[in-house]
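Summary of the model geometry
This is what each chain is made of:
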Amino acid sequence: MAEEEPQGGAPMEPAGETPDSGPQETTASAAGGEEDSPYRNLLFPLIVVPAMIVIVAVALYAGVGAFTGDEATIDENLHRVLHGGANEREQAAYALVAQLAENDRARAGGEGPPWEVSETLAPKLADALEGLGEDEVKLQYVLSSALLHLDDPAGEEGLRVILALGEDADPEGELKFHALVSLGSRGSPDTFADVSAFLQSEDQGLRILVAGYLRFYPAELAAAPLKGALGDPVLAVRLNAAISLATFGDSAGATLLRDGSRKDIYEAERARNPRNYARAELVRENRVRALEGLARLGRAEDRALLEELAGGEDDLEVREAAMRALKSGN
């Protein structure tokens, strides 16, 4: 995998790509590199996503950073959300979410939260969400994400509504993308049907995304659709499905992981379309993630491949990943 959201206490730390990585390839891949995604300019989460992503993702959609300088408290921003004009409500919602994100980052760093959160915040946000008009879908996403972060069931329901938006309301699929990030990173069995349905989407970017996020759901739910995704026409979907299955200890995608650990498969994709996997960094990160998947499986039949890469691979990071995989199998 090659692209990553900002980190905040993730159990592992994949490498990151910036949203201005250029037009030659997209950032729409957890196992990256496919062309023609509508998400070319977004940072994409990978297989490993911190729980706080339900808040951080908002920054990627509308530039929350523009509002973080506001000295208003969370309660003051909440008041603006409830009683302000249309533009003021939206800005206050983003500012409030940015403050919740600051609290998360502080906790992840072992510090106290800089913003006080009152017990009335969640119910008041739920009331505000219920009162939104049909044309306020962006604000609906922001409030739903905040509520999900606060463990209020109204947040999950609001995001499920976002997933069902038509093309007129969400023409580029950006809101669906962020709703999938928020729900997928939680892995609640209640949302499995909503999220896994996007493995059948015509939008390859959403398929790539979901194939990565299904690893957060129980294996008894996610394994079967992930095995189906191993036959997807898009390489990034197949690789993400294989990596997700490996987190369950399922070797159904092991052949793909072996192929993904070598250069050949990416060179073939680049020969098919020069925009695919054109950056060495992207190929490197995919190979490392594939090796990490093989390490989780710990199969004896992969040892010769790992030894080959550990002993003779030119790319230092890939060689080190192969060495770690060998060590984990001892």
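The structure this text deals with has already been given above.
First, a word on what this report is: a plain description of the structure on this page. (Residues numbered from 1 in each chain as written. Predicted model: local features only at pLDDT ≥ 70, side-chain atom pairs only at ≥ 80, totals over all residues. Heavy atoms only, no water.)

1. Quick look at the overall build of the protein chain
The helix and strand inventory of the protein chain stands at 16 helices and 0 strands. Within the protein chain, the proportion of its 330 residues that are buried is 56%. Partitioning the contacts of the protein chain with sequence separation of at least 6, the portion at a separation of at least 24 is 66%. If you sum the accessible surface of the protein chain, you get close to 13,800 Å²; carbon and sulfur atoms cover 48% of it. (Helix = DSSP H or I, 4+ residues; strand = E, 2+ residues; numbered from the N terminus. Buried < 20%, exposed > 50% of the residue type's maximum accessible area, 1.4 Å probe, protein only. Contact = heavy atoms within 4.5 Å. Areas by Shrake-Rupley, 256 points an atom, 1.4 Å probe, with all protein chains shown as cover.)

2. Describing the pattern of salt bridges
For the structure on display, the rule yields 18 salt bridges. Taking the shortest distance from any N to any O, the salt bridge between Lys227 and Asp250 comes out at 3.1 Å. Here Lys227 is found in helix 10 (residues 219–229), whereas its partner Asp250 is found in the loop between helix 11 (235–247) and helix 12 (254–260), with 23 residues between them in sequence. Residue Lys227 is classed as partly exposed on the basis of its relative accessible area, which comes to 40%. Look at Asp250 and you get buried, because its relative accessible area is 19%. Note that Glu301 and Arg299 form a salt bridge whose closest N and O atoms lie 3.3 Å from each other. (Salt bridge = Lys/Arg side-chain N within 4 Å of Asp/Glu carboxyl O.)

3. Quick look at the packing of aromatic side chains
Scanning all chains against the criterion turns up 3 aromatic pairs. Taking 5.4 Å as the distance between ring centres and 65° as the angle between the ring planes, the aromatic pair formed by Phe192 and Tyr217 counts as edge-to-face. A residue pair is termed long-range when its members are at least 10 positions apart, and Phe192 in helix 8 (residues 192–196) and Tyr217 in the loop between helix 9 (204–213) and helix 10 qualify at 25 residues. The exposure class assigned to Phe192 is buried, which follows from its relative accessible area of 12%. Accessibility expressed as a relative area gives 2% for Tyr217, which makes it buried. Between Tyr266 and Tyr277, the ring centres sit 5.1 Å apart and the planes meet at 55°, which makes this aromatic pair tilted. (Phe/Tyr/Trp six-rings, centres within 6.5 Å; stacked < 30°, edge-to-face > 60°.)

4. Observations regarding the nonpolar core
Ranked by size, the top nonpolar core spans 84 residues in total, and within it Leu125, Leu143, Leu180, Leu214, Leu257 and Leu291 carry the most contacts. If one sorts the elements of this core by residue count, helix 11 sits on top with 9 residues. The residues touching Leu291, leaving out its near neighbours within four places in the chain, are Ser261, Leu306, Leu309, Val318, Ala321, Ala322 and Ala325. (Core = buried A, V, L, I, M, F, W, Y, C linked by side-chain atoms within 4.5 Å.)

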